[in-house]
Amino acid sequence: MTDQELIERTAEHVRRGSEGEGSGHDWWHVHRVWSTARTLAEQEDVDGVVVELAALLHDIADWKFHDGDLSAGPRAARAWLEDLGAAPELTDRVVDIVGRVSYKGAGVPDEMPSLEGRVVQDADRLDAMGAIGIARAFAYGGHANRPIHDPEIPVVLHDAPEAYAASRSGSLNHFPEKLLLLRDRMHTAAGRRVAEERHAYMAAFVERFLAEWDGRA
């Protein structure tokens, strides 16, 4: 099987498995990450096949939807690539990225040794920012039965994946707990440029939201 066939088969597999999902982790999220990763990769010296496959598989069996099992995604990605007959080295590189790409809490260090992984992680995080990031935050909050905002629930900068996954605070808390931290966690120069504008947009949204919440606007 050629590299292009691997990518096409993987895209179709992921689309079938995530189309119509309602938490903001649907096929179109994956598609945007895939497209953004390809754009970022054009400016970096990376293996494009690794980038594309990792972008397509980055949310497969997402740990947030699998009882906090951090190994669920890497297992699913490996099983799929092995079923396709992908080369072991390629499979290992993609699976390693899938296991590392997800945000796991403000106090949890980012450990992404490969440049391919940094490109995919930037692409994923850019989709959690800006206008789409705002929409996805509230889509996930509704999916998880969380309030839009509860000022009596404090912001927590989680220092362990388990605590982050178990959080049940309101959707607005997701901004200081994650989304407004992403700008400073970008790896690539191109990612940082895009993140700057999207960060400003989200910060203005939160300021406006709180003004309306308090009756000041």
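Thresholds applied
- Residues numbered from 1 in each chain as written.
- Predicted model: local features only at pLDDT ≥ 70, side-chain atom pairs only at ≥ 80, totals over all residues.
- Heavy atoms only, no water.
- Helix = DSSP H or I, 4+ residues; strand = E, 2+ residues; numbered from the N terminus.
- Buried < 20%, exposed > 50% of the residue type's maximum accessible area, 1.4 Å probe, protein only.
- Contact = heavy atoms within 4.5 Å.
- Areas by Shrake-Rupley, 256 points an atom, 1.4 Å probe, with all protein chains shown as cover.
- Phe/Tyr/Trp six-rings, centres within 6.5 Å; stacked < 30°, edge-to-face > 60°.
- Expected span 1.5 Å × (residues − 1).
- Arc of directions from axis to C-beta.
- Axes fitted to C-alpha atoms, helices over the stretch in contact; angles between N-to-C directions.
- Parallel < 35°, antiparallel > 145°, perpendicular 65-115°, else oblique.
- Left-handed = near helix turned anticlockwise from the far one by under 90°.
- Nonpolar A, V, L, I, M, F, W, Y, C, P; charged D, E, K, R; others polar.
- Core = buried A, V, L, I, M, F, W, Y, C linked by side-chain atoms within 4.5 Å.

J.: Describe the overall build of the protein chain, with residues and values.
T.: Secondary structure summary: the protein chain contains ten helices and zero strands in total. Secondary structure of the protein chain in N-to-C order comes out as α-α-α-α-α-α-α-α-α-α. With the C-alpha coordinates aligned to their principal axes, the bounding extent of the protein chain is approximately 60 × 35 × 30 Å. Out of the 217 residues belonging to the protein chain, those deemed buried represent 47%. Of all intrachain contacts in the protein chain linking residues separated by at least 6 positions in sequence, the fraction that spans at least 24 positions is 67%. Of the accessible surface of the protein chain, which amounts to about 10600 Å², a share of 50% is contributed by carbon and sulfur atoms.

J.: Could you give an account of the packing of aromatic side chains, naming the residues involved and the relevant values?
T.: All told, the structure shown has nine aromatic pairs when counted by the stated rule. Taking the centre distance of 6.0 Å and the plane angle of 40° together, the rings of F138 and F175 count as tilted. With F138 in helix α7 (residues 130–143) and F175 in helix α9 (residues 174–177), this residue pair connects regions lying 37 residues apart in the sequence. Residue class for F138 comes out partly exposed when judged on its relative accessible area of 23%.

J.: Kindly report on helix α1 (residues 3–18), identifying the contributing residues and their values.
T.: Between the first and last C-alpha of α1 there are 22 Å, a value that for 16 residues agrees with the 22 Å anticipated at 1.5 Å per step. The set of residues buried in α1 consists of L6, I7, T10, A11, V14 and S18. The arc enclosing the buried residues of α1, seen along the axis, measures out at 130°, which places them on a common side. Looking one or two places after α1, you find G20, whose phi comes out positive at around 85°.

J.: An account of the packing of helix α2 (residues 27–41) against helix α3 (residues 48–57) is requested, with residue identities and associated values reported.
T.: Interhelical geometry of α2 versus α3 gives an angle of 160° and a closest axis separation of 8 Å. As far as their axial angle goes, α3 and α2 are roughly antiparallel. Regarding α2 and α3, the two cross each other, and that crossing is right-handed. Where α2 abuts α3, its residues W27, V30, V33, W34, A37, R38 and A41 lie against V51, E52, A55 and L56. Its residues assigned to classes, the contact of α2 with α3 comprises nine nonpolar, no polar and two charged.

J.: Could you give me a rundown of the nonpolar core, with the residues and numbers involved?
T.: Counting 54 residues, the largest nonpolar core has L57, L90, V94 and F175 as the members making the most contacts within it. For this core, the secondary-structure elements that each account for two or more residues are α1, α2, α3, α4 (72–84), α5 (88–100), α6 (115–126), α7 and α10 (189–213). Among the elements that line this core, the one with the most residues is α3, at eight residues. The residues touching V94, leaving out its near neighbours within four places in the chain, are V50, L53, A54, L57 and L81.

All quantities given are derived from atomic positions and should not be read as evidence of function.
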